[in-house]
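Given next are the chains, with one letter for each unit.
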Amino acid sequence: MNNKGSVSIEAAVAFPLFLFTILAFIYMGEMYRVKETVYEGLIETAEYMAEYAYLTDTFEGVSVMDYPMAMLRFEQYVDNKALLEKYVVGGSLGISLIGSSFPDDEGYIDIYATYYVRLDVPIIGIFKKRIDEHIKQRAYLGSSSLLNSVESESDDKYVFVAENATVYHSSRSCTYLMPDIVSSDKASASNSGYRACEYCGGGNDSLVYITTEGECYHSSRTCSRLKRTVSRKKLSEVSLPPCSKCGD
């Protein structure tokens, strides 16, 4: 008799727990159905707004319609409105896209969706939970975006810098990088305004070497100031002023 009483007590305790577990799985499944429905609608909305962004990038004044257009498209793309009406506070219109960008400063459709799921669970009562979703999609901004990209790349273009240089060059064929070397006597070079090279010293011989663009005469044709080592670098890596001849 005592054993029968124990079984009855265990059944009385176990059955509600079993029922609670079943209900929990059922309502968890419903909540994930809601999340899936909303997420799919947002994905399609982001795809549409990525195309629609081309208009807002091309015509002035269209951007004021971005938010209403996104909400309108979301309403059209939601497949199971009855599910949202049942579990989402305010239905499909209760899903807020405030804080979204169409597009943002980096050219992305950035959708932030916020809504509340309301579950009326037997025995437990009303369960309410806030859900946040975030969708990010590259906007199709067309040629203007590509132009900005090209301009951005040109800001960090490649330039040419010679060894011991004091300027950078935009052109590798700049005459300052490829000087024409001619021979001259020291007296004529000095009278023409050339001074002795600080690297090779100008030498004691009467024969020296000069360039039409240079300021020094050289005793050696192989002086590093005549045969310059040129490196290609990004403009952002160079802290020199531009060449007066080929610079921007």
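As a starting point, this report considers the structure included with it. Here the residue index of a chain counts from 1 through its sequence in written order. Per-residue local features of the predicted model are confined to residues with pLDDT of at least 70, and side-chain atom pairs are confined, for both listing and counting, to 80 or more; whole-chain, interface and lining totals are unaffected and use all residues. Each side-chain value is worked out from all heavy atoms of the structure, with water and hydrogens disregarded.

**Re the overall build of the protein chain**
Alright, step 1. Numbering goes from the N terminus for both helices and strands, where a helix is a DSSP run of H or I of at least four residues and a strand is a run of E of at least two. Counting secondary structure elements, the protein chain contains five helices and eight strands.
Alright, step 2. Element order for the protein chain, N to C, with α for helix and β for strand: α-α-α-β-β-α-β-β-α-β-β-β-β.
Alright, step 3. Remark: exposure states derive from per-residue accessible area (1.4 Å probe, protein chains only) relative to the maximum for the residue type, with buried under 20%, exposed over 50%, and partly exposed in between. In the protein chain, which comprises 248 residues, the share counted as buried stands at 31%.
Alright, step 4. Expressed as a percentage of contacts within the protein chain between residues at least 6 apart in sequence, the contacts between residues at least 24 apart total 59%. Throughout, a residue-residue contact means that at least one pair of heavy atoms, one from each residue, lies within 4.5 Å.

**Here's the deal with the nonpolar core**
Alright, step 1. Core analysis: the largest hydrophobic core is formed by 33 residues, its most contacted members being Val34 and Ile109.
Alright, step 2. For this core, the secondary structure elements donating two or more residues are α1 (2–58), α2 (66–77), α3 (81–87), β1 (108–121) and β2 (125–138).
Alright, step 3. In terms of residue count, the dominant contributor to this core is α1 (twelve residues).
Alright, step 4. Apart from the residues within four sequence positions on either side, isoleucine 109 is in contact with Ala46, Met49, Ala50, Ala53, Ser101, Phe102, Pro103, Ile135, Lys136, Gln137 and Ala139.
Alright, step 5. To form a nonpolar core, buried Ala, Val, Leu, Ile, Met, Phe, Trp, Tyr and Cys residues must be joined to one another through side-chain atoms within 4.5 Å. By size, the runner-up hydrophobic cluster in this structure holds seven residues, among which are Val159, Ala162, Ala165 and Leu235.

**Regarding unusual backbone geometry**
Alright, step 1. A cis amide bond, omega 5°, links phenylalanine 102 with the succeeding residue proline 103.
Alright, step 2. Residue placement: proline 103 occurs in the loop between α3 and β1.

**Section: the pattern of salt bridges**
Pairing is possible between side chains that carry opposite charge, provided their charged atoms lie close to one another.
Alright, step 1. The salt bridge criterion pairs a side-chain nitrogen of Lys or Arg with a carboxyl oxygen of Asp or Glu, the two atoms within 4 Å. This structure, assessed with the given rule, holds four salt bridges.
Alright, step 2. Glutamate 133 serves as the salt-bridge partner of lysine 35, at 3.3 Å between the closest nitrogen and oxygen. Of the two residues, lysine 35 is situated in helix α1 and glutamate 133 in strand β2; the sequence distance between them amounts to 98 residues.
Alright, step 3. Here glutamate 215 ties to arginine 195 by a salt bridge, and the two come within 3.5 Å at their closest N and O atoms. Placement of glutamate 215 in the loop between β6 (207–211) and β7 (216–217) and of arginine 195 in strand β5 (residues 195–196) is noted, with a sequence separation of 20 residues between them.
Alright, step 4. Residue classification places glutamate 215 among the exposed residues on the basis of a relative accessible area of 53%.

**Describing the environment of cysteine 246**
Alright, step 1. For cysteine 246, the location among the structural elements is in the segment after β8 (230–234).
Alright, step 2. Overall, the relative accessible area of 18% leaves cysteine 246 in the buried class.
Alright, step 3. Sequence separation between cysteine 246 and tyrosine 168 is 78 residues; the distance between their C-alpha atoms is 9.0 Å.
Alright, step 4. If we skip the residues at most four places from it in the chain, cysteine 246 touches His169, Ser170, Ser171 and Cys174.

**Remarks on the side chain of serine 92**
Alright, step 1. Mapped onto the elements, serine 92 comes out in the loop between α3 and β1.
Alright, step 2. Looking at serine 92, the relative accessible area reads 3%, which means it is buried.
Alright, step 3. A polar contact is formed between the side chain of serine 92 and the side chain of glutamate 75, at a distance of 2.4 Å. Whenever two N or O atoms come within 3.5 Å, that pair is a polar contact, provided that in protein one can donate a hydrogen and the other can accept it, and provided that, for residues adjacent in sequence, both atoms are side-chain atoms.

**Observations regarding a negative patch on the surface**
Alright, step 1. Put simply, a patch holds well-exposed residues, over 30% relative accessible area, that have no salt bridge, with like charges counted together within 9 Å and Val, Leu, Ile, Met, Phe, Trp or Tyr side chains within 5 Å. Methods summary: accessible areas were calculated by the Shrake-Rupley approach with a probe of 1.4 Å, and residue burial reflects only the protein chains presented. His is not counted here, nor are the chain ends, while Lys and Arg score as positive and Asp and Glu score as negative. Working definition for charges: the position is that of NZ of Lys, CZ of Arg, CG of Asp or CD of Glu. Together, Glu36, Glu40, Glu44 and Asp79 make up a region of like negative charge exposed at the surface.
Alright, step 2. Positionally, glutamate 40 belongs in helix α1.

**A few points about the packing of aromatic side chains**
Alright, step 1. Centres within 6.5 Å make a pair out of two Phe, Tyr or Trp rings, where for Trp the six-membered ring is used; the pair is then stacked when the planes are under 30 degrees apart, edge-to-face when over 60, and tilted otherwise. Taken as a whole and judged by the stated rule, the model has zero aromatic pairs.
Alright, step 2. Two limits define a charge over a ring: the Lys NZ or Arg CZ must be within 6 Å of the ring centre, and within 35 degrees of the ring normal. Across from the ring centre of tyrosine 116, 5.2 Å away, lies the NZ or CZ of lysine 128, which sits over that ring.

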